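One-letter residues, chain by chain:
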Amino acid sequence: MRATAWQELAEQSGYRISTGFAGTPFITDALTQTGHLDDAYRLLLQTECPSWLYPVTMGATTVWERWDSMLPDGTINPGEMTSFNHYALGAVADWMHRVVGGLSALEPGYASVLIAPQPGGGLTWASTSLDSVHGHIAVRWELVDGELLVRAQVPEGVTAVVRLPGAAEQRLGAGSHELRAPAAVPAA
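In short, a report on the structure. As the structure is a prediction and not an experimental result, all values here were calculated from the model.

1. Observations regarding the packing of aromatic side chains
Under the counting rule described, the total for this entry stands at four aromatic pairs. An angle of 80 degrees between the planes, with centres 6.1 Å apart, marks the rings of Trp 52 and Trp 67 as edge-to-face. Taken together, the residues span a long stretch of sequence, with Trp 52 in the loop between helix H4 (37–45) and helix H5 (54–57) and Trp 67 in the loop between H5 and helix H6 (92–100) at a distance of 15 residues. A relative accessible area of 10% means that Trp 52 is categorised as buried. An aromatic cluster is built from Tyr 54, Trp 64 and Phe 84, whose rings are joined through pairwise contacts.

Spelled out as structure tokens, the structure:
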């Protein structure tokens, strides 16, 4: 597969965030949409600064305004920007919900949803859910004995389109559903 500018940027930075404020919300989607899902996961799971997981290694439970608001020795960066609860760099959560968890809206208000988890990065399971105006919608997937097992909860009034690797697209109505598809071995 031919490398894209996004993939080259991620690789050259050692899979640490180097896209700047404007590009950071788009890099995981750009990598995914150009066939570089493994690179998107490598970027997501990086723990060296600058990365989404560096603050987690420092005890963060929120997204910081800057990657190094806290320095490796635990001191606060003396720079001007030190907010410890700042969403801008946390836009990756949307990608995690849609791609890792596999749940996204196809219509406003989640009247129709897409269930399409894309396992990778060595993850063996993920789950995501939300409370829509129609009710609770949930997706949980896991890799079990060479299969991708997906459990989905769809409330009344909502339809779901399911796209799983190696399986035909399906449409689901309300209820609890269990689906299986061949599992590709996720990259570590």
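2. Overview of the sheet that holds strand S4 (residues 135–144)
Taken together, four strands build an open sheet; the order of strands is S3-S4-S5-S8 and the sheet is antiparallel. Since the sheet does not close on itself, it has two edges, and those belong to strand S3 (125–132) and strand S8 (175–182), each with one partner. Adjacent strand axes in the sheet meet at a mean angle of 10 degrees, parallel and antiparallel pairs treated alike. One ladder, built from seven bridges, connects S4 with strand S5 (residues 147–154); its direction is antiparallel.

3. Brief notes about unusual backbone geometry
Here the amide bond leading from Cys 49 into Pro 50 is cis, since omega sits at 0 degrees, within 30 degrees of zero. In this structure, Tyr 15 takes a positive phi of about 60 degrees despite not being glycine. Of note, Tyr 15 is situated in the loop between helix H1 (5–12) and helix H2 (20–23). Unlike most non-glycine residues, Asp 145 shows phi in positive territory, near 50 degrees. Along the chain, the position of Asp 145 falls in the loop between S4 and S5.

4. Brief notes about H6
Where H6 is concerned, the buried positions are Val 92, Trp 95, His 97, Val 99 and Val 100. Buried residues along H6 sit against helix H3 (27–33), H4, strand S1 (103–105), S3 and S4. Remark: Gly 102 follows H6 within two positions and exhibits a positive phi of approximately 90 degrees.

5. Topic: the side chain of Ser 132
Inspection of the secondary structure assignment puts Ser 132 in strand S3. Apart from residues no more than four positions distant in its own chain, Ser 132 is found in contact with Gly 109, Tyr 110 and Ile 137.

6. Structural notes on the sheet that holds S1
Here we have four strands laid out as an open sheet, ordered S1-S2-S6-S7, and mixed in their pairing. In this open sheet, the two strands that pair with only one neighbour each are S1 and strand S7 (170–172). If you compare each strand with its neighbour and ignore which way they point, the axes differ by 25 degrees on average. As paired elements, strand S2 (residues 112–115) and strand S6 (residues 159–162) share four bridges and run parallel to each other.

Cut-offs used in this document
Residues numbered from 1 in each chain as written. Predicted model: local features only at pLDDT ≥ 70, side-chain atom pairs only at ≥ 80, totals over all residues. Heavy atoms only, no water. Phe/Tyr/Trp six-rings, centres within 6.5 Å; stacked < 30°, edge-to-face > 60°. Helix = DSSP H or I, 4+ residues; strand = E, 2+ residues; numbered from the N terminus. Buried < 20%, exposed > 50% of the residue type's maximum accessible area, 1.4 Å probe, protein only. Pairing = 2+ DSSP bridges. Axes fitted to C-alpha atoms, helices over the stretch in contact; angles between N-to-C directions. Contact = heavy atoms within 4.5 Å.

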